[in-house]
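Here's the letter readout for the chains.
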Amino acid sequence: GVRNPRHRSTPVEHLFAGRIQAAFPHCASVQRANLRIRNDELSLGAPGRAHDDTIKIMKRLERIKKILQKRNIDALIAFYPPNVSYLVGFQAEDSSLVVKHDKTFLITDYRYSTEYRNLLQDGNIHIIAIEKSFSHTLKKLAKDLRIKNAAFENNTIRLSNYQKLKDIFGTKLIPANKIIENLRI
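Residues numbered from 1 in each chain as written. Predicted model: local features only at pLDDT ≥ 70, side-chain atom pairs only at ≥ 80, totals over all residues. Heavy atoms only, no water.

Student: I'd like a rundown of the nonpolar core, residues and numbers included.
Tutor: Core analysis: the biggest nonpolar cluster contains 26 residues, and I64, L76, L87, L97, L106 and I125 have the highest contact counts within it. Among the elements of the structure, α3 (51-70), β3 (75-78), α4 (81-88), β4 (95-100), α5 (110-119) and α8 (179-183) are those that each provide at least two residues to this core. Not counting chain neighbours up to four residues away, the residues in contact with L97 comprise L61, L76, I77, A78, V84, L87, V88, T104, F105, L106 and I125. (Core = buried A, V, L, I, M, F, W, Y, C linked by side-chain atoms within 4.5 Å. Buried < 20%, exposed > 50% of the residue type's maximum accessible area, 1.4 Å probe, protein only. Helix = DSSP H or I, 4+ residues; strand = E, 2+ residues; numbered from the N terminus. Contact = heavy atoms within 4.5 Å.)

Following this line, the structure appears as structure tokens:
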């Protein structure tokens with residue numbers, strides 16, 4: 001097609017001078033934060049996160065871990081998508097998060113596990129692809145990590161998820177009372 005002479009290509013030097021956003025004004029619907037320069041190449045949606053985002057996520061998780069330790073709770077299990085997304089730093093489809101004192105795990109459908117591993121290359125959150133079923137995977141993880149009791153999102157949990165937790169932890173379920181939501185305040 002014929003190019004409009006007013007739409008010129010931006011020289012690579014300008015991209016490296018921190019002008020990525022100005023170079024792509026026509027991409028308003030694309031999140032410009034996903035533009036990354038790696039090995040002298042510009043790409044959209046490259047794996048990983050910005051260092052500042054990683055630090056924010058680590059701080060959020062550390063605050064939850066301190067609360068868990070203070071309350072003598074082995075782990076927090078988050079199902080509510082906005083809370084899971086807030087804690088991992090991206091929209092995590094079909095996923096749950098298990099935050100333990102020393103580690104954090106994102107349990108997800110196998111379809112997303114590779115993509116999420118790429119997004120979480122910093123190693124602070126471990127990805128577990130669902131085996132046979134979510135219940136089976138969580139039960140195995142709880143056994144492997146010796147989780148004796150668990151906090152859950154009592155204000156947002158679906159009955160089916162509550163039943164799964166009840167089957168795994170029995171009476172050792174502890175209402176979280178908006179632990180995650182209170183971090184945003």
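Student: Explain the sheet that holds strand β7 (residues 150-152) to me, using residue names and the numbers behind them.
Tutor: The six strands are arranged β6-β5-β4-β3-β7-β8 in an open sheet whose pairing can be described as mixed. Taken across any chain shown, the strands that pair with only one partner, and hence form the sheet edges, are β6 (126-129) and β8 (173-175). Each neighbouring strand pair of the sheet contributes to a mean axis angle of 25°, computed without reference to strand direction. Pairing geometry for strand β5 (residues 104-108) and β6, over four bridges, is parallel. Residue pairing in the sheet places F105 in a bridge with H126 of β6. Those strands touched by α4 are β3, β4 and β5, and its axis lies near 55° from that of β4. Across the face of the sheet, helix α7 (residues 159-169) comes into contact with β3, β7 and β8 while running at roughly 135° to β8. (Pairing = 2+ DSSP bridges. Axes fitted to C-alpha atoms, helices over the stretch in contact; angles between N-to-C directions.)

Student: Would you mind going over the packing of helix α6 (residues 134-144) against α7 in detail, with residue names and values included?
Tutor: Helix packing for two helices is described by the angle between their axes and how far apart those axes are. Contact geometry of α6 with α7 gives a least axis separation of 10 Å together with a crossing angle of 35°. Between α6 and α7 the crossing geometry is right-handed. For the pair α6 and α7, contact is made by F134, S135, L138, K139 and A142 and by K164, L165, I168 and F169, respectively. Considered class by class, the residues forming the contact of α6 with α7 number six nonpolar, one polar and two charged. (Left-handed = near helix turned anticlockwise from the far one by under 90°. Nonpolar A, V, L, I, M, F, W, Y, C, P; charged D, E, K, R; others polar.)

Student: Give a detailed account of unusual backbone geometry, specifying residues and quantitative values.
Tutor: Note: most peptide bonds trans; most residues except glycine with negative phi. The phi torsion at N72 lies on the positive side, around 60°, for a residue other than glycine. Position of N72 among the secondary structure elements: in the loop between α3 and β3. Notably, K178 is not glycine yet its phi reads approximately 60°, a positive angle. For K178, the location among the structural elements is in the loop between β8 and α8.

Student: Which residues make up α5, and what are the values?
Tutor: Among the residues making up α5, those that are buried are Y112, S113 and Y116. The buried residues of α5 occupy one face: seen down the axis, they fall within an arc of 120°. If you follow the buried residues of α5, they end up packed against β4, β5 and β6. The N-capping residue of α5, defined by a side-chain oxygen 2.8 Å from the backbone nitrogen of R111, is D109. (Arc of directions from axis to C-beta. Polar contact = N/O pair within 3.5 Å; in protein donor to acceptor, adjacent residues only side chain to side chain.)

Student: How would you sum up the packing of aromatic side chains? Please name residues and give values.
Tutor: For any two aromatic rings, the description comes down to two numbers: the centre-to-centre distance and the angle of the planes. Scanning the model with the defined rule gives four aromatic pairs in all. Geometrically, the ring pair formed by F79 and F134 is edge-to-face, given 5.5 Å between the ring centres and 65° between the ring planes. One end of the pair, F79, is in the loop between β3 and α4; the other, F134, is in helix α6, and 55 residues separate them in sequence. Comparing F79 with F134, the two get one shared label, buried. Seen in terms of ring centroids, F90 and Y116 are 5.0 Å apart; in terms of plane orientation they differ by 50°. Their pairing is tilted. With F90 in the loop between α4 and β4 and Y116 in helix α5, this residue pair connects regions lying 26 residues apart in the sequence. (Phe/Tyr/Trp six-rings, centres within 6.5 Å; stacked < 30°, edge-to-face > 60°.)

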